[in-house]
Amino acid sequence: MNLISIPALQDNYIWLLDDQQGHCLIVDPGEAAPVLTALKKANLTPTAILLTHHHHDHVDGVDEICSHFPGLKVYGPHETENKFSQISLKNGDKLVIGGLEWQIFATPGHTLGHISYYSAPYLFCGDTMFSAGCGRLFEGTPEQMYQSFQRLAALPDETLVCAAHEYTLSNLKFARSILPEDHDIHSHEHKVQQMREKGQSSLPSTLGLERKINLFLRCDDIDLQNKLNLNDPLKPDWHVFAHLRALKDSF
């Protein structure tokens, strides 16, 4: 498989997964033009569109793309059904497309119906997990997003985290503001800074790397809890998650 990230809108990525036999999946097309250009350039025909949630910057390109490829199947969570997708998916579903079997995870938090798609090593997680960060809680609760992170954290280290936004550098700056002496965070921030200066994408990341640099995956870290003055064994780890998200919202 050949993984392609297509920059779109202000800081979105639309993902293509090319089977190297002339067909591909499209994930979260927030606009059509860059997708159609990429398909033509690579001589690819899409077999399906996968949607993670209903926000416009993930779905606004669906209708135009489908107009170029009649009969193209669009999959998504219940919150996208009828308006953007014809086939609704839920937690625990399995989807076989192009020889790959995808596991569907409910990952609420950013929206209540958000889902993620996993077929080793690819994880399309929309606006749930970003490199070094997590999505804003527009509809869900901190506890829901924490549980979504726990679900994704159970995947192998080599999992490719294909997030939908280029937020890595700002997320790392936030992480360094909390743990300024953390070598992994500092080192990766320097690396990403150089990549972005060259116009390169910081994604996909790997789950193994995220375990080191993503504070939202480290809520059980005693050093982090002490730094936040939240080392209370009577409170669950999602309280640490909620505090981090509130700090990031005002960062």
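About the thresholds
- Per-chain numbering applies: the sequence of each chain, read as written, is numbered from 1 onward.
- Local features in this predicted model are restricted to residues of pLDDT 70 or higher, and side-chain atom pairs are both shown and tallied only at a pLDDT of 80 or more, whereas totals for entire chains, interfaces and linings draw on every residue.
- No hydrogens and no water enter the side-chain calculation; it runs on all heavy atoms of the structure.
- UniProt positions are given in the numbering used here, feature names are shortened, and annotations may be inferred rather than shown by experiment.
- A pair of strands is treated as paired once DSSP finds two or more bridges between them.
- Note on conventions: DSSP H or I runs of at least 4 residues are helices, E runs of at least 2 residues are strands, and numbering of each starts at the N terminus.
- Under this scheme, a helix contributes an axis fitted over its contacting stretch, all axes are lines through C-alpha atoms, and angles between N-to-C directions fall in the 0 to 180 degree range.
- What makes two residues a contact is simply this: any of their non-hydrogen atoms within 4.5 Å.
- For this analysis, a ring pair means two rings from Phe, Tyr or Trp (six-membered ring only for Trp) whose centres lie within 6.5 Å, classed as stacked if their planes differ by under 30 degrees, edge-to-face if by over 60, and tilted for the remaining angles.
- Each residue gets one of three labels from its accessible area relative to the maximum for its type: buried under 20%, exposed over 50%, partly exposed in between, using a 1.4 Å probe on protein chains only.
- Remark: nonpolar core denotes a set of buried residues (Ala, Val, Leu, Ile, Met, Phe, Trp, Tyr, Cys) joined through side-chain atoms within 4.5 Å.
- By definition, a salt bridge exists where a carboxyl oxygen of Asp or Glu is found within 4 Å of a side-chain nitrogen of Lys or Arg.
- Computed over the protein atoms alone on a 1 Å grid, cavities are sets of points where a 1.4 Å probe fits but cannot get out and pockets are open sets with protein on both sides within 12 Å along at least five of seven lines; a residue lines them when it has an atom within 4 Å of a point.

Per an unreviewed UniProt entry, the protein is named Hydroxyacylglutathione hydrolase, and its organism is Rahnella ecdela. Quoted straight from UniProt, the Function (unreviewed entry) entry for the protein says "Thiolesterase that catalyzes the hydrolysis of S-D-lactoyl-glutathione to form glutathione and D-lactic acid." The record in UniProt for the protein states the following under Catalytic activity (unreviewed entry): "an S-(2-hydroxyacyl)glutathione + H2O = a 2-hydroxy carboxylate + glutathione + H(+)".

So, about the sheet that holds strand β4 (residues 45-50). One open sheet holds the six strands; their spatial order is β1-β2-β3-β4-β5-β6, and the pairing between them is mixed. Each edge of the sheet is formed by a strand with only one pairing partner; in this case those strands are β1 (2-8) and β6 (87-89). The sheet shows a mean angle of 25 degrees between the axes of neighbouring strands, direction not considered. Looking at chain direction, β4 and strand β5 (residues 73-77) are connected through three bridges and run parallel. From the neighbouring strand, Ile49 faces β5, where its bridge partner is Val74. Lying on the sheet, helix α1 (residues 33-42) is in contact with β1, β2 (12-18), β3 (23-27) and β4; it crosses β1 at an angle near 145 degrees.

Scanning all chains against the criterion turns up 10 aromatic pairs. Centroid distance Phe216 to Phe241: 5.1 Å. Interplanar angle 65 degrees. Geometry classified as edge-to-face. Here Phe216, found in the loop between α7 (207-213) and α8 (222-227), pairs with Phe241, found in helix α9 (residues 238-249); they are 25 residues apart in sequence, far enough to count as distant. As far as the burial class goes, Phe216 and Phe241 line up, both buried.

Our next topic: the nonpolar core. Core analysis: the largest hydrophobic core is formed by 54 residues, its most contacted members being Trp102, Tyr117 and Leu244. Counting residues per element, this core draws most heavily on helix α5 (residues 168-178), at five residues. Ignoring sequence-local partners within four residues, the contact set of Tyr117 consists of Leu50, Leu51, Thr52, Tyr75, Gly76, Leu89, Trp102, Gln103, Ile104, Tyr122, Leu123 and Phe124. Counting residues in hydrophobic clusters, the runner-up holds 21 residues, among them Cys24, Ile26, Leu36 and Leu39.

This part covers the pattern of salt bridges. Side-chain pairs of opposite charge can arise where the charged atoms are in close proximity. For the coordinates displayed, the defined rule picks out eight salt bridges. In this structure, Arg211 engages Asp157 in a salt bridge whose closest nitrogen and oxygen atoms are separated by 2.6 Å. Separated by 54 residues along the polypeptide, Arg211 in helix α7 and Asp157 in the loop between α4 (142-153) and β13 (160-163) bring together distant segments of the chain. One salt bridge connects Glu189 with Arg176, and the closest N-O pair in it is separated by 2.4 Å. With Glu189 in helix α6 (residues 183-197) and Arg176 in helix α5, this residue pair connects regions lying 13 residues apart in the sequence. Given a relative accessible area of 9%, Glu189 falls into the buried group. Given a relative accessible area of 32%, Arg176 falls into the partly exposed group. Each of Arg136, Arg245 and Asp249 takes part in one network of salt bridges that share partners.

Next up on the list: the UniProt feature "binding site: Zn(2+) 1" (unreviewed entry) in the protein. When the UniProt feature table is mapped to this numbering, "binding site: Zn(2+) 1" (unreviewed entry) covers His53, His55, His110 and Asp127. These annotated residues cover 75 residues of sequence, and their C-alpha atoms lie no more than 9.9 Å from one another, placing them together at a single site. Checked against the lining of the largest pocket, the annotated residues reduce to His55, His110 and Asp127. Position of His55 relative to the elements: it lies in the loop between β4 and α2 (56-59). Residues contacting His55, with those up to four places away along its chain left out, are His110, Thr111, Phe138 and Glu139. In this structure, His110 sits in the loop between β8 (100-106) and β9 (115-119). Overall, His110 belongs to the buried group, its relative accessible area being 3%. Those residues within four positions of His110 in sequence are excluded, and the remaining contacts are His53, His55, Asp127, Gly135, Arg136, Leu137, Phe138, Glu139 and Met145.

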